Amino acid sequence: MRKLLSRLFVLIAVVCALLSALIASVLLTPIGLERATVDFTITPGSSLRTAIREIAAAGVELDPWALVLLARLLGVEASIKAGSYEIARGVTQLQLLRKLTHGDFTQAELAFIEGWTFRQMRERLDAHPDLRHETTGIPEAEIMRLLGAPQVAAEGLFFPDTYLFAKRSSDVELLARAYRAMQRHLEREWSARAAALPYRDPYQALIMASIVEKETGREQDRSLVAAVFVNRLRQGMLLQTDPTVIYGLGENFDGNLRKSDLLADTPYNTYTRAGLPPTPIAMPGLASLRATLHPELSEALYFVARGDGTSHFSHTLPEHRQAVTRYQKGGKP
C-alpha cells in the first residue's frame, strides 16, 4: 500500500509539474502577431471572452483557454478595461492580460486653440480619425444637453488645451472634459478677481475674455486691452471692437471688414449696441481670463494696432486719431 501511495504521489507530482510547465510555456511564450505591432479596441461592456474575440480578429494568435484560466487564477476576469491598445511582437499572454486589466491604453491627442470658435472646434473634432463621432451633424443645443448644460450657448465654454484620450473615445467625452476645465478655470479666476469690475457674473467676464483673446495675442498688451474695455464700460461708451462685428457677420464675412459692416446692426455689433455682446465670440485662454479679471491700472480709452503685433494705447480721442493716422494710414490724414 505504501509503495502504491508513493508511486501515486510521484505520478501526481509529475503531472502537476508537466501541467505547470505547459501553462508557463503558454503564458510566457510570445504571442504570434500578423504584423510587427497590432492595434485593437475593447468596446465598453466587453467580457473577457468577448475581448479575446476582438483581439483575435485584429490579428493576434491567442490561446483563449490559457488567458481565461490565468485571469481566473489572478481574480481579474471581470477587470478588463475598455479602450484602445497596441501590442508589439514579443508580448506574452501574461503581459497582455496586465495591459487589459491596468488600462494601458494607446493615446491620441487633440489640441483646441485659443481664439477658436465652437464651429472650428467641431470641424477639428469631426476630422479626427481616432475619435468616435457622436456629435457630427447634431444641433449645438443637443450637444449642450448631452453635456448637462441645456439652453446655454456653446460658444466660449470650452477650455483651449491639448487633450490626450484613448483611441475610439467619444467626442462627447472630450467636449465634456474641455467644458469642465473651462468651468474650473473660470470659477477660480472669478473668485480671485480684482475689485469693482463691471461684470455681473463669471459669464460676462468670459465674454470679455473672448474679446481680449481676439483683440491681441501679445502677452504684454492683454491687461491693457482689458483695461480699455473696463474703462469704456464704466463710462457708458460703446466698446467698438471689430472682432465682435466679424463674429456677428458669421459666414458673410469675406475677410475684409467694411464701414458698412460697422454700421449694420447685429446683436454682436459693438459699434451700434452698448455693453457686451450676448455670448463669447471665441475660446479665451487662461492668459486672457486673467487679464480680464486683473486689468492694468490705466485710464486709456482707445488702442490701435501698430502693425507689428503690438498696440498703441491712448487716453483721449485726439491722441487716438493721431495714432490711427500714424499706424494705419501711413501718416496720411
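Our subject is the structure that appears above.
The structure contained in this document is the topic of the report that follows. (Residues numbered from 1 in each chain as written. Predicted model: local features only at pLDDT ≥ 70, side-chain atom pairs only at ≥ 80, totals over all residues. Heavy atoms only, no water.)

A separate point is the packing of helix α8 (residues 202-215) against helix α9 (residues 219-235). One way to put it is that α8 packs onto α9 with a least axis distance of 10 Å and a crossing angle of 130 degrees. Viewed along their axes, α8 and α9 adopt a mutual orientation that is oblique. Where α8 crosses over α9, the handedness of that crossing is right-handed. Residues Met 208, Ile 211, Val 212, Glu 213 and Glu 215 of α8 pack against Arg 222, Val 225, Ala 226, Phe 229 and Leu 233 of α9. In terms of residue class, the contact of α8 with α9 is built from seven nonpolar, no polar and three charged. (Axes fitted to C-alpha atoms, helices over the stretch in contact; angles between N-to-C directions. Helix = DSSP H or I, 4+ residues; strand = E, 2+ residues; numbered from the N terminus. Parallel < 35°, antiparallel > 145°, perpendicular 65-115°, else oblique. Left-handed = near helix turned anticlockwise from the far one by under 90°. Contact = heavy atoms within 4.5 Å. Nonpolar A, V, L, I, M, F, W, Y, C, P; charged D, E, K, R; others polar.)

So, on to the layout of surface pockets. Computed from the structure, the largest pocket encloses a volume of approximately 710 Å³. Along the walls of the largest pocket sit 27 residues, with Gln 240, Asp 242, Tyr 271, Phe 303 and Gln 328 positioned nearest its centre. Looking at the lining of the largest pocket, the elements that each hand over two or more residues are α8, α9, α10 (242-249), β9 (302-305) and α13 (317-328). Taken together, the residues of the lining of the largest pocket sort by class into 15 nonpolar, eight polar and four charged. What the second largest pocket holds in volume is close to 380 Å³. Forming the walls of the second largest pocket are Thr 117, Arg 119, Gln 120, Glu 155, Lys 214, Pro 243, Ile 246, Tyr 247, Gly 250, Glu 251, Phe 253 and Ile 281. Of all the secondary structure elements, the ones that give two or more residues to the lining of the second largest pocket are α5 (118-127) and α10. Per element, the largest residue contribution to the lining of the second largest pocket is three residues, and it comes from α10. Residue composition of the lining of the second largest pocket, by class: five nonpolar, three polar and four charged. (1 Å grid on protein atoms, 1.4 Å probe; cavity = no way out; pocket = protein on both sides within 12 Å on 5 of 7 lines; lining within 4 Å. Points joined across faces, edges and corners; volume = space filled by probe spheres on them.)

Let us now look at the packing of α9 against helix α12 (residues 286-293). Where α9 contacts α12, the two axes come as close as 8 Å, and the packing angle between them is 40 degrees. When the axes of α9 and α12 are compared, the pair comes out oblique. Crossing angle aside, the handedness with which α9 passes α12 is right-handed. Contact residues: α9 offers Glu 219, Arg 222, Ser 223 and Ala 226, while α12 offers Ala 287, Ser 288, Ala 291 and Thr 292.

All right, on to a nonpolar patch on the surface then. The grouping of Trp 65, Leu 69, Leu 73 and Leu 74 at the surface amounts to a nonpolar patch, some 430 Å² of accessible area in total. By the element assignment, Leu 69 lies in helix α3 (residues 64-74). Leu 69 sits in the partly exposed class, given a relative accessible area of 31%. (Patch = residues over 30% accessible without salt bridge, like charges linked within 9 Å, V, L, I, M, F, W, Y side chains within 5 Å. Areas by Shrake-Rupley, 256 points an atom, 1.4 Å probe, with all protein chains shown as cover. Salt bridge = Lys/Arg side-chain N within 4 Å of Asp/Glu carboxyl O. Buried < 20%, exposed > 50% of the residue type's maximum accessible area, 1.4 Å probe, protein only.)

Glancing now at the pairing of strand β10 (residues 311-314). Here β10 shows a buried face lined by Ser 311 and Phe 313 and a second buried face lined by His 312 and Ser 314. Sheet topology note: the β9/β10 ladder contains four bridges and is antiparallel. Paired with Tyr 302 across the two strands is Ser 314, which belongs to β10. (Pairing = 2+ DSSP bridges.)

Quick look at α13 now. Relative to the 16 Å expected for 12 residues at 1.5 Å per residue, α13 spans 16 Å between its end C-alpha atoms, a close match to the ideal helical length. Listed in full, the buried residues belonging to α13 are His 320, Ala 323 and Val 324. Projected down its long axis, α13 shows its buried positions confined to an angular sector of 105 degrees, all on one face. Facing away from the buried side of α13 by over 90 degrees, the exposed positions are Pro 318, Arg 321, Gln 322 and Arg 326. Looking at the buried residues of α13, the elements they touch are β9 and β10. Where α13 starts, the residue carrying a side-chain oxygen 3.3 Å from the main-chain nitrogen of Glu 319 turns out to be Thr 316. (Expected span 1.5 Å × (residues − 1). Arc of directions from axis to C-beta. Polar contact = N/O pair within 3.5 Å; in protein donor to acceptor, adjacent residues only side chain to side chain.)

Geometric descriptors of this kind do not, in isolation, establish any biological role.
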